[in-house]
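# Report on the structure
Chain by chain, the residues run as shown.
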Amino acid sequence: MNSAAPTKKEPANYVYPTNGFSDLWNALKCQTELQGGKFYLGISINKLVSTASQDSRTQLVLADGTTKEYDLIICTIPVLSLIGLLKTQEGLSIIPHAAMNFRSDILVYLKVHFDQAAEGQCIYIYSDLIKITRITNFNEFKPDESDTFNILLVEIWCDKTDLIWNYGDSDLMLFLEQEIKKTNLYINLNVIDHTIKKVADAFQIPDLDLEDSRTKLLDQLVGFRNLYITGRIASLHFNYGMENAIEDGIILAEEITKKYRTDLLPSD
């Protein structure tokens, strides 16, 4: 009797850095500098200036007035914020002609103890009776390790006009603990510490005019011939995630590399 072949274990869809996502930035910084590049983190940009010449380099003006020029710029910031930075050589601003609506995100990081919790790394909550939108348990990314506490990220998606957006720290925490209890996801949850972050205009709201609005916005970038954009800002998909952004970044890098290699080839 032939024995069955061992079942091949499928690779994990997501790999979470042991020390958090800052590990990725540190790795990118090291690789950039090893190849002779420079890595600037925490630098504020004042504007991007393009000239009318097709072969012109785009000027990047920093908040301290320093001007740098680059052969090409790859941008991943929100497109409306990007357009606010764009200037013509004459100093004229690019005015966005297409309106887009957004939802904001309140992120509360909790250091907690609990006796029992529902399984899962990321849990979405769809209920008119619960204001919490998503809970991420970071300890679930390394389930084989024993921990003395857990780190939860609790998110509330809202509008900037909503009352909760303007809650103070104590009011928000009181509200949040009441909402968590409604989920029945945790038994004897005890919050040890917390950190609150608010991200305005975090998620674009999909609507029937989304594709047309995006086209109008991106058409305004034609004067910046060496400006490339990628990531969520160039996507029509509301569920666009980090794995999609990484894939799009790789595809864009391949396209740019192929283009420049073609440009460097001798002509016949």
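Residues numbered from 1 in each chain as written. Predicted model: local features only at pLDDT ≥ 70, side-chain atom pairs only at ≥ 80, totals over all residues. Heavy atoms only, no water.

## Remarks on the overall build of the chain
Just so we agree on the cut-off: Where helices and strands are cited, they refer to DSSP runs of H or I of at least four residues and of E of at least two residues respectively, numbered from the N terminus. We call two residues contacting when some pair of their heavy atoms lies within 4.5 Å. Here the open area of atoms and residues is found with the Shrake-Rupley method and a 1.4 Å probe, where only the protein chains shown may cover a residue.
The helix and strand inventory of the chain stands at five helices and 13 strands. Sequence separation of at least 24 residues holds for 65% of the intrachain contacts in the chain that already meet a minimum separation of 6. As presented, the chain carries roughly 18,600 Å² of accessible surface, and 52% of it is formed by carbon and sulfur atoms.

## Some details on the nonpolar core
The test is simple: Nonpolar core, defined: a set of buried Ala, Val, Leu, Ile, Met, Phe, Trp, Tyr and Cys residues in which side-chain atoms within 4.5 Å join the residues together. Note on exposure labels: buried denotes an accessible area under 20% of the residue type's maximum, exposed denotes more than 50%, and partly exposed covers the range between, all computed with a 1.4 Å probe on protein chains only.
Judged by nonpolar contacts, the single largest core of 22 residues is most densely connected at Ile 106, Leu 110, Ile 132 and Leu 176. Secondary-structure elements contributing two or more residues to this core are β6 (102-113), β10 (150-158) and α3 (169-183). Take this core: its biggest share by element is five residues, from α3.

## With respect to the sheet that holds strand β8 (residues 122-124)
Formally: DSSP calls a pair of strands paired once it identifies at least 2 bridges connecting them. Angles shown run from 0 to 180 degrees and are taken between the N-to-C directions of axes, each axis being a line fitted to C-alpha atoms and, for helices, limited to the stretch in contact.
A sheet is described by the order of its strands in space; here five strands give the open sequence β8-β9-β10-β6-β12, paired in antiparallel fashion. At either margin of the open sheet sits one strand with a lone partner, and together these are β8 and β12 (190-204). With direction set aside, neighbouring strand axes in the sheet form an average angle of 15 degrees. As judged from the four bridges shared by strand β9 (residues 134-137) and β10, these two strands associate in the antiparallel manner. Considered in β10, the bridge of Thr 136 is made with Leu 153.

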